[in-house]
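Residue-level structural notes
Chain by chain, the residues run as shown.
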Amino acid sequence: MKIETKRNKPRKGINYNGLDDKKLNIHGYRDYETKLYWNEKTQKWTVKKPSPALKESIIQIFDFKYYDTSQIKKAFGSKWERVALFLTELFINELSTGHTVDEWPWVYWNYIKQRTYLGNDYLLVIDKLVSLGLIETQRQQVDVNNPFKFSVSFKLNIQFIEIEGEAYVKKTLLSEDYQNSILNYYSNVKTPLDKIEKYIDSVIDSSKLDLSNDQLIEIVLSMTEKKKNLDKEALKNKFVQKSKKDKIKRKLSNELFYYDSYKSTIMYSIDNIQAYLSGSPLLKSYFYNISRDTFGNRISHIFSNIPKSIRNQITIDGERVVEVDIISSQVSFLFVLIEKWFLKSSYGSDNNLVAPWDFFLKYSTLSLIDKNQDFYKILKIQVADQYKEYSQVSREQMKIIFLKTALGDPKLITLSGFNKKEFISNLFGSKFYDFLVSLTKIEIEGVKKHESYKNIAAILQREESAFLDVVMSKLIDFDIKFIPIYDSLIIKESDQYKVKAIFNEVIKSQGVETFIRIDKNEEDINLSGYEHELEGIIIDNDQIDRFLKAS
């Protein structure tokens, strides 16, 4: 029993903690009896008074409703703040990587980032997070000669967002030293930007995504309704994978909760983007995430994966934006490549590629008949003629069919119940299937041999990127601000005529005006008079001569 003396007698009106009274623990509080200080950062009593907690931090952590900080503290002790930030960052990554509500994507973190966030014993922490069911991990071997060398990707438990009410509350980091280590990591790993990327960085800096609450609710409701329709179409569409259909059916077993979760996901995505755009200069550029992928050399960034209805609400220098895009981009550049390989060079013969003349003649001829023709709507006529059950498919469904046939693996025997070779031949001509197979036999840098069926997608994206690089460089010369979204550009409304003029100038200079167009006729194109042309293919004599010489 401690004997009270004049020196240690507690004064009236002073509250103090006992070592076991965790509810009253406050950072920096000194216990009267033990003379120890409570360190909230480390979750320990210490002899030395801890450094003050940050009043305001540049980096914030999310206190999740699904697994809150009190649970993290109980499970991880002094590691709690590191774990909380790791889960926060992973959550943000999930929202910004082009996710769907059905399943979040895998998010790659290199080992340096894992160690920076979680400490030197990061592997043990990760194992515990997995055992608690908070995350999943996926390891992929990166060196066939070294079985111990692999990359690790993470996936956060979807239940972090699939809950009723607010998913999280934003809180301040306590440890200044820990925050500095994170900021130092970002400053060291920031990839140097090229001329175009630096310009995009400055444009995003001058951009805002300001939405009133009413606007946000209207957009979210509209997107949710569209999602419902897409789910219904997917369940009927033979070209949608069975696994995806099964997931939709499982989600629809609790339809109200499913679509409420979808709404929440959109809201949190916007919240995070707005936070980054108005955030600290030390972090902004990093979280703009401007980079080029190695597959198609496409530029991506913070706005790349948000839906178009939300992108339309972006402002640049306070001005409304419009989007200028290439009509049927993937198909257009496929025509460009076929012409380049077989008519303008010997690339096709040098690489033993089969010339898909039926496809090229049939569909490129319609560009001469009507400059506003839409490939997917033309393809719809062809599909409906061959397969009556597809007479009512939408333009979006036709895009799926094209991607599955032209950009999928041609070596697969069947496609949604159809013989794949026969299906492709009926839609695109007798030699198109052989053309796709021959493309898989050439070596494309950056595409693995066992994934050679992706050759065509990689080549098309790289061709598209090279074209847009020329356009973007010219826009920079005239100091016209833009933000690229794969095959389109977000620009100020007042600049749209200048941008279209520059697009058309590049199209003409590259000699691709037959196939590449940006002016879109918004109304449905009447193709009722084209059935005969689709069968007979009417072209002029000059074109016939060119094709005969090339073949």
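Refer to the preceding data block for the structure.
Criteria and thresholds
Residues numbered from 1 in each chain as written. Predicted model: local features only at pLDDT ≥ 70, side-chain atom pairs only at ≥ 80, totals over all residues. Heavy atoms only, no water. Helix = DSSP H or I, 4+ residues; strand = E, 2+ residues; numbered from the N terminus. Buried < 20%, exposed > 50% of the residue type's maximum accessible area, 1.4 Å probe, protein only. Contact = heavy atoms within 4.5 Å. Areas by Shrake-Rupley, 256 points an atom, 1.4 Å probe, with all protein chains shown as cover. Expected span 1.5 Å × (residues − 1). Pairing = 2+ DSSP bridges. Axes fitted to C-alpha atoms, helices over the stretch in contact; angles between N-to-C directions. Parallel < 35°, antiparallel > 145°, perpendicular 65-115°, else oblique. Nonpolar A, V, L, I, M, F, W, Y, C, P; charged D, E, K, R; others polar. Phe/Tyr/Trp six-rings, centres within 6.5 Å; stacked < 30°, edge-to-face > 60°. Polar contact = N/O pair within 3.5 Å; in protein donor to acceptor, adjacent residues only side chain to side chain.

1. Some points on the overall build of the protein chain
Across its full length, the protein chain holds 22 helices and 16 strands. Residues counted as buried form 48% of the 551 residues belonging to the protein chain. Of the contacts made within the protein chain by residues no fewer than 6 positions apart, 67% connect residues no fewer than 24 positions apart. When the accessible surface of the protein chain is summed, it comes to about 29,300 Å², and 50% of that surface belongs to carbon and sulfur atoms.

2. Details of helix α2 (residues 80-95)
Its 16 residues place the ends of α2 23 Å apart at the C-alpha level, agreeing with the 22 Å of an ideal helix rising 1.5 Å per residue. In terms of burial, α2 is a largely internal element, 15 of the 16 residues being buried.

3. Concerning the pairing of strand β12 (residues 319-325)
β12 sits mainly inside the fold: 5 of its 7 residues count as buried. Connecting strand β11 (residues 315-316) to the next strand, β12, in antiparallel fashion are 2 residues, including Asp317 with a positive phi near 55°. Examined bridge by bridge, β12 and strand β16 (residues 488-492) share 5 bridges and lie antiparallel to one another. Looking at β16, one finds that Val322 is bridged to Ile491.

4. Describing the packing of helix α12 (residues 329-342) against helix α18 (residues 432-439)
One way to put it is that α12 packs onto α18 with a least axis distance of 14 Å and a crossing angle of 80°. As judged from the angle between their axes, α12 and α18 are roughly perpendicular. Only Phe432, Phe435 and Leu439 of α18 make contact with α12, whose side of the interface consists of Leu334, Ile338, Trp341 and Phe342. Here the residues of the contact of α12 with α18 are counted per class, giving 7 nonpolar, no polar and no charged.

5. Considering the sheet that holds β12
Strands sit in the order β8-β11-β12-β16-β15 across an open sheet of 5 strands; the sheet is antiparallel. This sheet does not close on itself; its edge strands, each paired only once, are β8 (207-208) and β15 (482-485). Along the sheet, helix α6 (residues 195-205) contacts β8, β11 and β15; its crossing angle with β15, the most-contacted strand, is approximately 110°. On the sheet, helix α19 (residues 455-477) packs against β15 and β16 and is oriented at approximately 170° with respect to β15.

6. Looking at the packing of aromatic side chains
Within a pair of aromatic rings, the relevant descriptors are the distance that separates the centres and the angle that separates the planes. With the rule as written, the count across this model stands at 33 aromatic pairs. Seen in terms of ring centroids, Phe62 and Tyr168 are 4.0 Å apart; in terms of plane orientation they differ by 0°. Their pairing is stacked. Separated by 106 residues along the polypeptide, Phe62 in strand β3 (residues 60-64) and Tyr168 in strand β7 (residues 168-172) bring together distant segments of the chain. By relative accessible area, Phe62 is classed as buried at 3%. Chaining the aromatic ring pairs together yields one cluster made of Phe335, Trp341, Phe342, Tyr347, Trp357, Phe359, Phe360, Phe402, Phe428, Phe432, Phe435 and Phe515.

7. Considering the packing of helix α17 (residues 420-428) against α18
Here α17 crosses α18 at 115°, and the two axes come no closer than 8 Å. Here α17 contributes Lys421, Ile424, Ser425 and Phe428 to the contact with α18, which in turn contributes Phe432, Tyr433, Asp434 and Leu436. For the contact of α17 with α18, the per-class residue count stands at 5 nonpolar, 1 polar and 2 charged.

8. As for the environment of Asn352
Considering the arrangement of structural elements, one finds Asn352 in the loop between α13 (347-350) and α14 (357-369). You can call Asn352 exposed: its relative accessible area is 63%. Separated by 83 residues in sequence, Asn352 and Phe435 have C-alpha atoms that sit 9.5 Å apart.

9. As for the side chain of Asp31
Among the structural elements, Asp31 can be located in the segment before β1 (37-39). A polar contact of 2.8 Å, which involves the side chain of Asp31, links it to the backbone nitrogen of Thr34.

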